[in-house]
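# Fold and contact review
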Amino acid sequence: MMELQQRRVLPTLILSMALAAAALLPSAARAEAVPTRVRVLKATRGTPGKLDPRLEDVKKQVSALAWQQWTLVSDQTPTLQQGTSTFIDLPDGGQAALSIVETRGNLVTIEVAMAQKNTQSHVTIEKGQRIVHQVAKEKDGVALFIVVTPWP
Amino acid sequence: MSECRHYAPMLTSRPGELPAADAQAMERHLDACVECRALRATFLATEGLLAEGLLAKAAERDFAPFTDAVMARVTRRHSRPGRLYDWVSHHRVRAAISALAPAFAAAALVVYFQGPTPDNSPAPHVFEMTSEGVTTVLKTDQGPVVLMGDDDDDGDEGT
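The structure displayed is predicted, hence computed values, not measured ones.

Rules of the game
- Residues numbered from 1 in each chain as written.
- Chains lettered and ligands numbered in written order.
- Predicted model: local features only at pLDDT ≥ 70, side-chain atom pairs only at ≥ 80, totals over all residues.
- Helix = DSSP H or I, 4+ residues; strand = E, 2+ residues; numbered from the N terminus.
- Buried ≥ 20, exposed ≤ 12 C-beta atoms within 10 Å, placed from the backbone.
- Contact = placed C-beta atoms within 7 Å.
- Expected span 1.5 Å × (residues − 1).
- pLDDT = per-residue confidence, 0-100.

Broken down by element type, chain B carries seven helices and three strands. Along chain B, helices (α) and strands (β) appear in the sequence α-α-α-α-α-α-α-β-β-β when read from the amino end. With 159 residues in all, chain B has 7% of them scored as buried. Considering only contacts in chain B between residues 6 or more positions apart, those separated by 24 or more positions represent 24%.

Counting its secondary structure elements, chain A contains two helices and ten strands. Overall, chain A shows an N-to-C arrangement of helices and strands of α-β-β-α-β-β-β-β-β-β-β-β. With 152 residues in all, chain A has 32% of them scored as buried. Residue pairs at least 24 apart in sequence account for 48% of intrachain contacts in chain A once pairs closer than 6 positions are excluded.

Let us now look at helix α4 (residues 49-60) of chain B. Across its twelve residues, α4(B) extends 16 Å between first and last C-alpha, which sits within 8% of the 16 Å expected from 1.5 Å per residue. Judged by how many residues are buried, α4(B) sits mostly at the surface: zero of twelve residues are covered.

Here we take up the confidence of the model for chain B. Across chain B, the average pLDDT comes to 76, with 74% of residues at 70 or higher. On the interface metric, ipTM, the complex scores 0.77, and its pTM is 0.51.

Note on helix geometry: an α-helix contains 3.6 residues per turn, so any two residues three or four positions apart are oriented the same way. The terminal C-alpha atoms of helix α2 (residues 20-32) of chain B, which comprises 13 residues, lie 19 Å apart, in line with the 18 Å expected from a rise of 1.5 Å per residue. Little of α2(B) sits out of view: just one of its 13 residues are buried.

Rendered as structure tokens:
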């Protein structure tokens, strides 16, 4: 009789513990890390207009700007972490620091910071979108941009 | 012989069991009858053998460990894991609630800390400027374009 009761009770206990674990694990295992593609662009004023073929996907975003010639300088795919900055080297010797502020489903808030230029911004986009962010002011007709694409 | 048949039921009587007159009459008959005297002697010799045999049989079994065995089973049943099973088996509803409560609490914490679902989240392209340096944001369906401010004489800026 005792063994029969144990056989009935044990599955209940195991099921309950499994439910508790299932509820706890997602929050514990949730990693605020987002694979990201980061491209550095050099924008130049001048004619004729010229767009690097590897930047075809950002044509719509950059075509409205004052710079006509766009060249891809670097292309990398770091995994951005929450609370940890990933530094992207820029052609002018500076660095742009990228980090994850928050992720919620298909939304991600990314921090773009340039310490030397006292610039820091938080941008929230959804999966499938990208951030085009100027990282160096124009000098002699040339400006620098980065294109940040989460979940490329 | 008819006397023997008369006294036969009395041969197995115990002392004091028969009325005094019958006992004296039986004694007189036994003095005169060898067969009845032998029969009574046989009875007296075997009297009590059955009870002694049963007692001896019962005494063969040692009941000394019985108490220890019972106490050992009681101790096992109320040992630490046994108590848990006893409690759970007698309080199944409470046990289920106790087990599920942490799960629901954890789920509530997850919902609380995760905040609103994406459907209730603010629209994309939410832009927050937390320091000087960014002055222009162009919103497109492919994502925002963020331009730095032109607060020095380095050159031109803009769209």
